[in-house]
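The primary structure of each chain is shown beneath.
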Amino acid sequence: MINSNGSEWKIEHCCPQCGAPVVLRETDRIFVCSFCRVRLYIWSGDRFRYFLTPPGQISEPLIFVPYWRLKGIVYSLEGTEIKSGIIDSTLLATAHVPLPPSLGVRPQVLALRYVTPETPGGFLAPDIPFGTLASREFTAPDRGGCPGETDHVHFRSFIGDVVSLVFAPVIVRENSLFDAVLQKPLGAVPEPVREHLIQTETRQTGGPDHDPYNRIDFLATLCPQCGWDMEGERDSLVLYCRNCNSAWQAQDRALSKIGFSFFPNERGSKLYVPFWRLRVNISGLPLNTYTDLFRIANLPGVPKTREDSELHFWVPAFKSQPNLFVRLARSLTILQREPPPDSDPGDLPLFPVTLPLVEALESIKILIASVAVPKRLIFPRIPKLQLTLRDHALAYLPFCERGEEYIQPTIQMSIQKNALKWGRLI
């Protein structure tokens, strides 16, 4: 496990309606102003981009150097085992500037702000792709360190919704490059920095796509269908309207309707917990029907009424401890429950959706590896599988409260309360 950032980051921003200062958590997706009470959804496009503000006044032009921010769960298929861990780190995303390989504790000490087109300075684009860094040996999880020398890593998957860019400031004085935070020389000025000095008046955002109009947008949390105030917690990726019974997620700078179902509210239920229910085309492995699933999992007794029924993958729509995440996904995928045609949550609270759809799709390879038997034959095939999403929807299951656990009484599934709380910190 790698953990270079021991606490959650805080982002400073101004309310887009009244201009009041607001401090946000890194995981926040709902913006709430305590002054004017406005409530907005934060939209960042492909990923969030932040920059560190140097202390004091800087008279020289600023150049911002990119770091990848990695935070989430990483799985690897090693030998015949699935290993997992938590990663929380920053990694230098360019080979051209002699800065430290990690930001260390700077994001907790210095003010973090969103990158916008109005941010002064030049922004270097990453020349080391995120995928390259994420697949390196030092990000590999294990029971407490690196994989054993005899283990063969078939596949590695990084699952988490926090993959962002953080920009550290540097300045040029005479012919030397200086760290704008520590005011220490870093050596000669690299050519990419020289180029940005020439065009400091030209806005270039920090992103591999060089999008000159990258910005943070704020979307109204009013239901696009009926105008009602939608509900969602600070870290919710999906907003729900109880007035017209609809659910919405952010897509292309707007709110897009999403399918969902609520399983019947059972007596004593205290909470609805969300899961992604996905239909996927898989190239490289016959896994399209319920029978295919039983065959690959070496399970007996496929019900005759469901032999040819289409397979749906169930994935938790929330982040959790790695082993629990796989256990829940495996159990619900094997059960293949059919959602009711009409559903309503009643007055039960909804646990927030904190795992985006794209991450749920990426986790399916790990889910297949967990279900498959024998693993020594299946694991080598996992990296070559091609997944195409056909359909998706949210399925909410009601859970009862029992001590320190939530219990789903119909299928006797349990989730520790602390596991749900802990997952929201990833």
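Predicted model only: the values in this text are computed from it and were never measured.

### Structural notes on the packing of aromatic side chains
And step 1. Applying the stated criterion to the full structure yields 18 aromatic pairs.
And step 2. Judged by centre distance (5.7 Å) and plane angle (85 degrees), the ring pair of Y240 and F260 falls under edge-to-face. Within this pair, whereas Y240 is found in strand β15 (residues 238–241), its partner F260 is found in strand β18 (residues 260–262), the two being separated by 20 residues in sequence.
And step 3. We classify Y240 as buried; its relative accessible area is 4%.
And step 4. Seen in terms of ring centroids, Y290 and F294 are 4.8 Å apart; in terms of plane orientation they differ by 65 degrees. Their pairing is edge-to-face. Of this pair, Y290 and F294 both sit in helix α4 (residues 290–296), four residues apart, which is roughly one turn of that helix.
And step 5. By the ring-pair criterion, three or more aromatic residues cluster together here, those being Y240, F260, F262, Y272 and Y396.
And step 6. The ring centre of W9 lies 3.9 Å from the NZ or CZ of R69, which sits over that ring.
And step 7. Over the ring of F178 we find R173; its NZ or CZ atom is 5.3 Å from the centre of that ring.

### Structural notes on the confidence of the model for the protein chain
And step 1. Of the residues in the protein chain, 89% reach a pLDDT of 70 or more, and the chain-wide mean stands at 85.
And step 2. This model gives residues 137–150 a pLDDT under 50, and the stretch forms 29 contacts once residues within four places in sequence are excluded.
And step 3. Taken as a whole, residues 201–210 scores under 50 in pLDDT and shows 33 contacts with residues more than four places along the chain or in a different chain.

### Side note on the nonpolar core
And step 1. Within the largest apolar cluster, 63 residues are counted, with the highest numbers of intra-cluster contacts made by W276, L287, F313 and I368.
And step 2. By residue number, the principal contributor to this core is helix α7 (residues 364–371), which donates six residues.
And step 3. Residues W9, I11, V65 and L99 belong to the second largest nonpolar core, which totals 34 residues.

### Some words on the side chain of S157
And step 1. Along the chain, S157 turns up in strand β11 (residues 153–173).
And step 2. Not counting chain neighbours up to four residues away, the residues in contact with S157 comprise I73, V74, Y75, E362 and I366.

### As for the state of the cysteines
And step 1. For the coordinates displayed, the defined rule picks out zero disulfides.
And step 2. With no disulfide of its own, C33 lies 3.7 Å from the sulfur of C18, the closest cysteine sulfur.

### Remarks on the pattern of salt bridges
And step 1. What the rule picks out here adds up to 21 salt bridges.
And step 2. Residue D292 is joined to R295 by a salt bridge in which the shortest nitrogen-to-oxygen separation is 2.9 Å. Note that D292 and R295 are positioned in helix α4 at a spacing of three residues, about one turn of the helix.
And step 3. When salt bridges that share partners are traced, they join E26, R69, K71 and D88 into one network.

### Section: α7
And step 1. Summarising burial for α7: eight of the eight residues are buried, a large majority.
And step 2. I364, K365, I366, L367, I368, A369, S370 and V371 are the residues of α7 that are buried.

### Focus: the sheet that holds strand β5 (residues 39–43)
And step 1. Reading across the sheet, the three strands line up as β4-β5-β14 and stay open at both edges, with antiparallel pairing between neighbours. A single partner strand is all that each edge strand has here, and the edge strands are β4 (30–32) and β14 (217–220). Within this sheet the neighbouring strands show an average axis-to-axis angle of 40 degrees, counted without direction.
And step 2. Looking at chain direction, β5 and β14 are connected through four bridges and run antiparallel.

### A word on the environment of D46
And step 1. Examined against the element boundaries, D46 turns out to sit in the loop between β5 and β6 (49–52).
And step 2. Linking D46 and V163, residues 117 residues apart in sequence, is a C-alpha distance of 9.4 Å.
And step 3. Polar side-chain contacts of D46 include one of 3.4 Å to the side chain of R47.

Conventions we followed
Within each chain, residue numbers correspond to sequence positions counted from 1 in written order. Local features are withheld for residues below a pLDDT of 70 in this predicted model, meaning they are given only at 70 or higher, and side-chain atom pairs are given and counted only at 80 or more; totals for whole chains, interfaces and linings count all residues. Values reported for side chains reflect all heavy atoms of the structure, with hydrogen atoms and water molecules removed beforehand. Each pair of aromatic rings taken from Phe, Tyr and Trp, with Trp reduced to its six-membered ring, is defined by centres within 6.5 Å and is described as stacked if the planes are under 30 degrees apart, edge-to-face if over 60, and tilted in the remaining cases. Helix and strand assignments follow DSSP, with helices taken as H or I runs no shorter than four residues and strands as E runs no shorter than two, numbered in order from the N terminus. Accessible area is worked out with a 1.4 Å probe on protein chains only. A residue is then buried under 20% of its type maximum, exposed over 50%, and partly exposed in between. Charges are assigned to positions over rings by a cutoff of 6 Å between ring centre and Lys NZ or Arg CZ, combined with an angular limit of 35 degrees from the ring normal. Confidence scores here are pLDDT values: one per residue, from the predictor, ranging 0 to 100. Here a residue-residue contact requires only that any non-hydrogen atoms of the pair lie within 4.5 Å. Put simply, a nonpolar core is a bunch of buried Ala, Val, Leu, Ile, Met, Phe, Trp, Tyr and Cys residues held in one set by side-chain atoms that sit within 4.5 Å of each other. Cysteine sulfur atoms that pair up within 2.5 Å are treated as a disulfide. When a carboxyl oxygen of Asp or Glu lies within 4 Å of a side-chain nitrogen of Lys or Arg, that pair is called a salt bridge. Whether two strands pair depends on DSSP finding at least two bridges between them. In this analysis, axes come from line fits to C-alpha atoms, helices being fitted only over the stretch in contact, and the angle between any two N-to-C directions falls in the range 0 to 180 degrees. N or O atoms closer than or at 3.5 Å make up a polar contact, with two conditions inside protein: a donor-capable atom paired with an acceptor-capable one, and, for residues adjacent in sequence, both atoms drawn from side chains.

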